[in-house]
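Secondary and tertiary structure notes
Take a look at the letters that make up each chain.
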Amino acid sequence: MSAAVVTGVGVVAPSGVGADFWPAVREGRRALGHLRHWEPNPYPVRVAGEVDGFGPDGWVDPRVAVQTDRFTHFALAAADLALRDAALDPATVPDYAFGVVTASYSGGVEFGQREIEALWRRGPAHVGPYQSIAWFYAASTGQLSIGHGLRGPSCVLVADEAGGLDAFATARGELARGARAMLAGGAEAPFCPYSMCCQLGLGLLSTGEDPGTAYLPYTSRAAGFAPGEGGAVLVVEDADAARDRGVAARAVVAGHGATFTGPQRYEDSAEGLARAARTALAEARLDPAEVDAVFLDALGDPRADEAEARALRLLLGDRAVPVTAPKTGYGRCYAGAAPLDVATAVLAVEHGVVPPTPGVRDWRFDLDLVTGEARPLDVRTALVLARGLHGGNSALVLRRPEPTRGGN
């Protein structure tokens, strides 16, 4: 069976869009700021990661833009960037061989709130016909499929943060079953009054008012996470298909594991997360000793942080492995968070450097946490971890591709 490889990366994030993302993350720049979706802000959440200056113009067909929510606009832009990066024209892929899988936690909440407000204020005649599709979790998958003529296997995963990694496992599975290429990833736009009330109900959001200190996982000041918007879409191809069209693989999607331990049951989540990682490594035919770097989930809750540190001890023993959480610089983007970590891990493998965890200087746990500045490292194997707010655990292994016979 041919391997599943990443050939294109597309990012829309508070830290940058497209090529601007990697320099910002590598240098540890902070993109968190005061939440500006509401003025004045009636909610206790003051700090968030927002994609400044992004609009659908230039990214989304105006006829599609009016039918869709901001989370779909992010996904469409990220997919265009990924396809361009992969030099892949979907029209050149055989029918039914190119599909798409996205993950979503909140769906099109901003669009949905606007239409529901119209319903209650003015009546059902004032609700637009696109309400039925724009709010739906699968809206991004559908629009990507329609817009690019992708007639292969397509789906959406509604599994909060963990679903962002599960999407890559799904893509890998479809390639094993005969697809030649998949768009995989996720994006979120979770800032509207309705969704903010839902997020606050979980009790995990930071209410800190200083963007420099609001989101500090693993520290004595950890008090929840700063939410973010945005995400990433990657092109995942059959390795033979990529080689046939003369495109280099950027990383191999080598293994995946998933478990479920229940909502906020952190006493169980350490073993659950470690078991997901063991499964991913076993699927990749690797030993934990071969892990070079870990991209952390970084929930920011003291109990969850301790559980994640314990999971690493269960997996790696006493071996010091560099770990990082770049999302402390731009916020935790729900189902878009893990795809952003995957994109960052691919770039770390390519460039031989582990980006830092912005803002974190002193931490409570026995972790080799990369902080301050990026750390040069020969990253052959990267492990990406994700936990859902409702109990899912997921792990994904990325590997550096083996050189081709010609050495290129």
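Residues numbered from 1 in each chain as written. Predicted model: local features only at pLDDT ≥ 70, side-chain atom pairs only at ≥ 80, totals over all residues. Heavy atoms only, no water.

Going by an unreviewed UniProt entry, the protein chain carries the name Ketosynthase chain-length factor and comes from Saccharothrix yanglingensis. If you open the UniProt record of the protein chain and go to Sequence similarities (unreviewed entry), you find "Belongs to the thiolase-like superfamily. Beta-ketoacyl-ACP synthases family." (UniProt positions renumbered as here; feature names shortened; annotations may be inferred.)

Some details on the overall build of the protein chain
Along its length, the protein chain carries 12 helices and 16 strands. Taking 408 residues into account, the globule formula puts the C-alpha radius of gyration at 22 Å, and the protein chain, at 20 Å, falls close to it. If you line up the protein chain on its principal axes, its C-alpha atoms span 65 × 55 × 35 Å. With 408 residues in all, the protein chain has 60% of them scored as buried. Looking at the protein chain alone, contacts between residues at least 24 apart form 79% of all its contacts between residues at least 6 apart. As displayed, the protein chain offers around 15,800 Å² of accessible surface, 51% of which is attributable to carbon and sulfur atoms. (Helix = DSSP H or I, 4+ residues; strand = E, 2+ residues; numbered from the N terminus. Rg over C-alpha atoms; globule rule 2.2 N^0.38 Å. Buried < 20%, exposed > 50% of the residue type's maximum accessible area, 1.4 Å probe, protein only. Contact = heavy atoms within 4.5 Å. Areas by Shrake-Rupley, 256 points an atom, 1.4 Å probe, with all protein chains shown as cover.)

Details of the pattern of salt bridges
Between side chains of opposite charge, pairing is possible as soon as their charged atoms come close. If you walk through the whole model with that rule in mind, you get 23 salt bridges. Here Arg 70 makes a salt bridge to Glu 229, at a shortest N to O gap of 3.0 Å. Separated by 159 residues along the polypeptide, Arg 70 in helix α3 (residues 70–86) and Glu 229 in the loop between α8 (193–200) and β8 (230–238) bring together distant segments of the chain. Like Arg 70, the residue Glu 229 is buried in the burial classification. In this structure, Lys 327 engages Asp 341 in a salt bridge whose closest nitrogen and oxygen atoms are separated by 2.6 Å. Linking Lys 327 in the loop between β11 (322–324) and α12 (337–351) with Asp 341 in helix α12, this pair joins segments that are 14 residues apart in sequence. As far as burial versus exposure is concerned, Lys 327 and Asp 341 are alike and both buried. It is possible to trace a salt-bridge network through shared partners that takes in Glu 161, Asp 297, Glu 308, Arg 332 and Arg 387. (Salt bridge = Lys/Arg side-chain N within 4 Å of Asp/Glu carboxyl O.)

A closer look at the pairing of β8
The buried fraction of β8 amounts to nine of the nine residues, a majority that puts the element mostly inside the structure. The pairing of strand β1 (residues 4–13) with β8 spans eight bridges and is classified as antiparallel. Paired with Val 12 across the two strands is Gly 231, which belongs to β8. Examined bridge by bridge, strand β7 (residues 181–188) and β8 share eight bridges and lie antiparallel to one another. Counterpart to Ala 181 in the pairing with β8 is Glu 237. (Pairing = 2+ DSSP bridges.)

Points about the nonpolar core
Val 294 and Leu 383 are the most contacted members of the largest nonpolar core, which totals 61 residues. Those elements that place two or more of their residues in this core are β4 (47–48), α9 (239–244), β9 (251–260), α10 (266–283), α11 (302–316), β15 (381–387) and β16 (392–399). The leading source of residues in this core is α10, at eight residues. Residues Val 9, Leu 175, Val 349 and Val 354 belong to the second largest nonpolar core, which totals 45 residues. (Core = buried A, V, L, I, M, F, W, Y, C linked by side-chain atoms within 4.5 Å.)

Looking at unusual backbone geometry
The omega angle of the peptide bond from Glu 39 to Pro 40 is -5 degrees, so this bond is cis rather than trans. Position of Pro 40 relative to the elements: it lies in the loop between β3 (33–34) and β4. The phi angle at Ala 87 is positive, at roughly 55 degrees, despite the residue not being glycine. The phi dihedral of Tyr 218 is positive, around 70 degrees, even though this residue is not glycine.

Some words on the packing of helix α7 (residues 160–176) against α12
Viewed as axis vectors pointing N to C, α7 and α12 meet at an angle of 50 degrees, and their least axial separation amounts to 6 Å. Of the possible angle classes, the one that applies to α7 and α12 is oblique. Contacts between α7 and α12 involve Glu 161, Gly 164, Leu 165 and Phe 168 from the former and Ala 338, Pro 339 and Val 342 from the latter. The class makeup of the residues in the contact of α7 with α12 is five nonpolar, one polar and one charged. (Axes fitted to C-alpha atoms, helices over the stretch in contact; angles between N-to-C directions. Parallel < 35°, antiparallel > 145°, perpendicular 65-115°, else oblique. Nonpolar A, V, L, I, M, F, W, Y, C, P; charged D, E, K, R; others polar.)

Re α12
Helix length check: α12 (15 residues) gives 21 Å between terminal C-alpha atoms against 21 Å at 1.5 Å per residue, within 8%. Among the 15 residues in α12, 13 count as buried, and that is most of the element. Trailing α12 by a residue or two, Gly 352 shows a phi angle of about 65 degrees, which is positive. (Expected span 1.5 Å × (residues − 1).)

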